[in-house]
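This is what each chain is made of:
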Amino acid sequence: MWAELLPIGRSSASGGYRRFAWSGADTECRAWFRQQAESRGLTYELDRNGNQWAWLGDPAAGDAVVTGSHLDSVPDGGAFDGPLGVVSSFAALDELRARGLRFTKPLAIVNFGDEEGARFGLACVGSRLAAGQLTVEQAHRLTDADGITLPQAMERAGYDPGTIGPDPERLGRIGAFVELHVEQGRALDIGGDQVGIASAIWPHGRWRFDFRGEANHAGTTRLVDRHDPMLPYAETVLAARREARLAGAVATFGKIAVEPNGVNAIPSLVRGWLDSRAADQATLDTVVTGVEKAAREYADAQGVELDVIRESFTPVVEFEHALRDELARILGKERDAVLSVPVLGTGAGHDAGILSGTVPTAMLFVRNPTGVSHSPAEFAAEDDCVAGVTALADVLEGLACR
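Cut-off values and rules
- Residues numbered from 1 in each chain as written.
- Predicted model: local features only at pLDDT ≥ 70, side-chain atom pairs only at ≥ 80, totals over all residues.
- Heavy atoms only, no water.
- Core = buried A, V, L, I, M, F, W, Y, C linked by side-chain atoms within 4.5 Å.
- Buried < 20%, exposed > 50% of the residue type's maximum accessible area, 1.4 Å probe, protein only.
- Helix = DSSP H or I, 4+ residues; strand = E, 2+ residues; numbered from the N terminus.
- Contact = heavy atoms within 4.5 Å.
- Pairing = 2+ DSSP bridges.

Engineer: Can you walk me through the nonpolar core in this structure?
Structural biologist: Within the largest apolar cluster, 48 residues are counted, with the highest numbers of intra-cluster contacts made by Trp 32, Phe 33, Phe 90, Leu 327 and Leu 364. The set of elements that each furnish at least two residues to this core consists of α2 (24-39), α3 (83-98), β4 (107-111), β5 (174-182), β6 (195-201), α11 (321-331), β17 (361-366) and α13 (382-400). With 10 residues, α13 is the largest single contributor of residues to this core. Setting aside residues no more than four positions away along its own chain, Trp 32 makes contact with Met 1, Glu 4, Leu 5, Leu 71, Val 86, Val 87 and Phe 90.

See below:
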């Protein structure tokens, strides 16, 4: 399975992946998912928001155990973020069948659409729509860098955008959702563990900073006559690093758009996107407030206007303790010997976090020895991936085969 999926959407220039929502690469990934489902005799469904489902058993029976992740990527992302969870889900099902187990609950594998938000700027679109955390009106206003709206992109990919919206009936079928994901950090590697359990997802969000100045000639305009928005933007990038360091949080300006974007032109607009995350809400508020305060001071000093727009936000997610403890109990037993399974938090957002307000959710992490993610250098060793599949199979056995 991994070998079949590996070349899809891979850039020959960077070695990274460009599997953006409703693109050609995304269509290929979706075809791969459907083929995997149908080759196993699973019932394949495409829901109203473009999320893919593969069912074993009667979905209408309720109390289903669901696993899966996503197949899209960030620009030039790694091979494991998302796909490892989907591949491992199919492999875990194969393992359970090899064990000859009888399922007492319906089981489903899901591929949530547009988790990374690389194309339209909002993460977890598929799961947000399903959970009612993104309205139809908001979804219709999402556009990519070329001005193509989300509905237009879906339609061009052969899907009817007129059906998108909350999906409470489908989510009501789910008794538990368990997402396996490569760890986006080195906590497991430092501790010498192959697999871990998620405790919580840090609160996080994305803020757009629009610095509006005055376009002019780079060679003839005196420095004292300029209203250059690039200067306060640059100062704000440094301020974000400073505020995050002081608070023990993280803050990143990783995307920028410049107009008119000419080598010999002073910009009229510099638009930068801030991603910030912290262990608690108060700390995150402190960081973002500090960054915005500094940005306004820098903008005023250069005669530049500033607008700050919060484009997305996810509060802290505490995964349901009962389900989390059940995973720990299942994985802590092997031939009657009690093993320690680390429980760790994460600063990365996931579909499991979005669904946590609607259904019981939990996450498993697989060791990433480099700690690198959202990069071609992202990695997980084969024996760790196999350990992840075994752990997921054990969890699904404990939840769906009792």
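That shown, we press on.
Engineer: Please clarify how the pairing of strand β7 (residues 204-212) should be interpreted in this entry.
Structural biologist: With 7 of 9 residues buried, β7 is to be regarded as a mostly interior element. Looking at chain direction, β7 and strand β11 (residues 269-277) are connected through 9 bridges and run antiparallel. Paired with Phe 209 across the two strands is Gly 272, which belongs to β11. As judged from the 9 bridges shared by β7 and strand β12 (residues 305-314), these two strands associate in the antiparallel manner. When the sheet's bridge partners are listed, His 204 is paired in β12 with Thr 314.

Engineer: Before we go on, may I ask you to explain unusual backbone geometry in this structure?
Structural biologist: Trans is the common state for peptide bonds, and a negative phi is the common state for residues other than glycine. The residue after Glu 259, namely Pro 260, is reached through a cis peptide bond having omega 0°. Take Pro 260: it is sitting in the loop between β9 (250-259) and β10 (265-266). Here the phi dihedral of Trp 22 falls at roughly 60°; this positive angle occurs in a residue that is not glycine. Turning to its location among the elements, Trp 22 is positioned in the loop between α1 (2-5) and α2. Here the phi dihedral of Asn 261 falls at roughly 65°; this positive angle occurs in a residue that is not glycine. One can find Asn 261 in the loop between β9 and β10.

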